[in-house]
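# Structure at a glance
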Amino acid sequence: MTRKSRKILWKGPLPTSGEVLGGVAGLFDWKPRRSAQDRTWREYITGGTVREETRCGILREFIEDGFRGAGSPLTPEGLPVAHLQSISELVQVLVAHASWWDDLCDRRKKALPIGASRFINTVMLRLAVVELAVRLAPLGTLHLPQLESLKEKPERIDVPEHLLTTLLRQLLKESKITRNALSEALNVTKEAVDQWLAKGKVIGLKRLDEIAEIVAHKLGGSAEVAKGLLRIARLMTQVFEGLREQVGQEELNGLIEGLWRLTQVACRECGRQVEFLPDMERDQVLGQLIVLGSAVWPGPLLRNAMLVQEEDDSWRRVISALPHQWEWILAEALAAEQQSLKMREVCIQEGFKYLMLDEAQVAMNKVVNVLVPKERLPTVLVEMEQRPPKEALELMVALIFQHGQSLVSEGAGPNAWRELLGLGESCRYLMRSANTPEHHAALNLLSWFNYVQALMLLQMTMKSISNEELLTSTAWDEQVREALEALPPIPEPVNPDLEETFHVLMDVKGTLEETLRWLREIRGRVTRERGLRATSP
């Protein structure tokens, strides 16, 4: 799906309750007849604000229309008498959840005055997933026998890139309908069918219904069921595509898996907490939990149960944070994001290429710093944060040195030289905040030491490669050029404390440059000789 088509789905980074309802209403071609005029309805479902009274009226009409024609005696308004209480309760639940979700969207906007951010969206959506699991738990408790078949989670949840395409291909395969047959039945070209079955192509609702009728006729099932299934897949495709753009594929999978996992835990704990209550009191407690979530008992107990069983430390803080505490986490998330942006700006100014090269690692660092509780972090990281700035910097220097040594040991990966260059840039970045001349000098020395280690590692790699391989492949040349270009300018005059380090650096640098020149000369000579042989009689 293109960015333009996703923007039509919702305006902001997250959809408002109105935009969500608009998507659901589109499944049934529904729009209000009494509670709102067309202009107000369009405003609401496109992310605009409407009066609270109007929103409640729209939600009530939506629920009421879903209950019409249920078969029991009707009120003067055409509603089934037997379901009046259910309608009232559902409206209350829907209004409460719409208010909760819009408050969530509003908090996210306030938390992110710096533009779109996958990290902030990740934190916000994890908070929402935990609270949603609490609110879904009483539904699982009420309908536990029906949910038994859903308890076994797949080994890995992986949201298809395009759910509608995946489902449509499967339906055509099961019904043995070829692309040619479908194009003939719909009186369209085969190229049009190929586009519908390609990733990212959103099919119009009218055409989707026609496809559903053809599939249902072939399989002997209900056309209405097939239409509903394909329409839901279409809506979920758009929703997942929007979320994928906001948080990435891996986090999207993690959010859905987290919702599944946490809801199962919350359901079991909810059942244990209310199993001995009288029926009337039990139903009242469960109803309040659905509407108010963690704000009422046993909401906090469900979260405690999640914490006990949760194995992923990066979910622990969002599980333990009740909704009124979200601002604390969001403030920390915003600070981490701003720090990351500041570091990226410095990298651009200073020409650093490796300090933030690994985007996945940068994202993981933010998640760990904000979402993993301090008591679950490695002891050395906790100590670094608790120590005075001077001692913390000394500990950081020691850790960088140890990590650099591990990169030149046996078993280091093929990109270890890049990591060493990144460590050199890390030292240069830390030099900006060094508060004593001694710390500044130590970081400067360690920075150049890591540059030397990176070049020496490349030199060792070169010695392990045969001359024939060096001559036939330019991969090694490119790595050397990349490393040499990453070196900062050598200062003049040289600090006496750095003379030995610079001597080694210049020696290794000269050897690598000479090797590159030798390889160019040999390759050029070979090319000329081949050219002469090709032109000789």
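Residues numbered from 1 in each chain as written. Predicted model: local features only at pLDDT ≥ 70, side-chain atom pairs only at ≥ 80, totals over all residues. Heavy atoms only, no water.

## Remarks on a nonpolar patch on the surface
Threshold: For patch detection, residues must exceed 30% relative accessible area and be free of salt bridges, and they are connected within 9 Å for like charges or within 5 Å for nonpolar side chains (Val, Leu, Ile, Met, Phe, Trp, Tyr). Residue exposure ignores everything except the shown protein chains as possible cover, and the areas themselves are Shrake-Rupley values with a 1.4 Å probe. The working definition used for a salt bridge is a side-chain nitrogen of Lys or Arg within 4 Å of a carboxyl oxygen of Asp or Glu. What counts as a helix is a DSSP run of H or I of at least four residues, what counts as a strand is a run of E of at least two, and both are numbered from the N terminus.
Together, Leu136, Leu139 and Leu142 line one region of the surface with nonpolar side chains, adding up to about 210 Å² of accessible area. Examined against the element boundaries, Leu136 turns out to sit in helix H6 (residues 118-142).

## Thoughts on unusual backbone geometry
If a residue is not glycine, its phi is most likely negative; likewise, a peptide bond is most likely trans. Inclusion rule: Here the term buried applies to any residue with accessible area under 20% of the maximum for its type, exposed to any over 50%, and partly exposed to those in between, with areas from a 1.4 Å probe on protein chains only.
The omega torsion of the bond from Trp297 to Pro298 falls at 5°, within 30 degrees of zero and hence cis. Relative to the elements of secondary structure, Pro298 occurs in the loop between helix H14 (279-292) and helix H15 (299-309). Pro493 follows Glu492 through a cis peptide bond whose omega is -5°. On the secondary structure map, Pro493 appears in the loop between helix H24 (475-486) and helix H25 (499-535). Backbone geometry at Asp29 places phi at a positive 55°, although glycine is not the residue there. Checked against the element boundaries, Asp29 lands in the loop between helix H2 (17-27) and helix H3 (38-45). In this structure, Lys176 is a non-glycine residue whose phi angle is positive, near 60°. Relative to the helices and strands, Lys176 resides in the loop between helix H8 (163-174) and helix H9 (179-186). Since its relative accessible area comes to 70%, Lys176 is described here as exposed.

## Quick word on the nonpolar core
The line we're drawing: Side-chain atoms within 4.5 Å link the members of a nonpolar core, which is a set of buried Ala, Val, Leu, Ile, Met, Phe, Trp, Tyr and Cys residues. Working rule for contacts: check all heavy atoms of both residues, and any pair within 4.5 Å makes them a contact.
Val123, Leu127, Leu262, Met306 and Trp315 are the most contacted members of the largest nonpolar core, which totals 50 residues. It is H6 that provides the largest number of residues to this core, a total of twelve residues. Discounting chain neighbours no more than four positions away, the residues touching Leu262 are Val129, Val130, Ala133, Met306, Glu310, Trp315 and Ile319. Grouped together as the second largest cluster of nonpolar side chains are 39 residues, Trp417, Leu423, Leu470 and Leu484 included.

## Looking at the packing of aromatic side chains
Going by this rule: Here is the rule: rings of Phe, Tyr and Trp (six-membered ring for Trp) pair when centre to centre is within 6.5 Å. Planes less than 30 degrees apart are stacked, more than 60 are edge-to-face, and the remainder are tilted. Over a ring means this: the NZ of a Lys or the CZ of an Arg is within 6 Å of the ring centre and within 35 degrees of the ring normal.
What the rule picks out here adds up to six aromatic pairs. Both rings, one in Trp100 and one in Trp101, keep their centres 6.1 Å apart while their planes meet at 70°; by these two values the pair is edge-to-face. You'll find Trp100 and Trp101 in the same group, each marked buried. Both rings, one in Trp448 and one in Phe502, keep their centres 4.8 Å apart while their planes meet at 65°; by these two values the pair is edge-to-face. Taken together, the residues Trp448 in helix H22 (residues 437-463) and Phe502 in helix H25 connect sequence positions 54 residues apart. Relative accessible area serves as the criterion here: at 5%, Trp448 is assigned to the buried category. Look at Phe502 and you get buried, because its relative accessible area is 4%. In this structure an aromatic cluster arises from ring pairing among Trp30, Trp41 and Phe62. Stacked on the ring of Trp315, the Lys or Arg Arg261 has its end atom at 5.7 Å from the ring centre.

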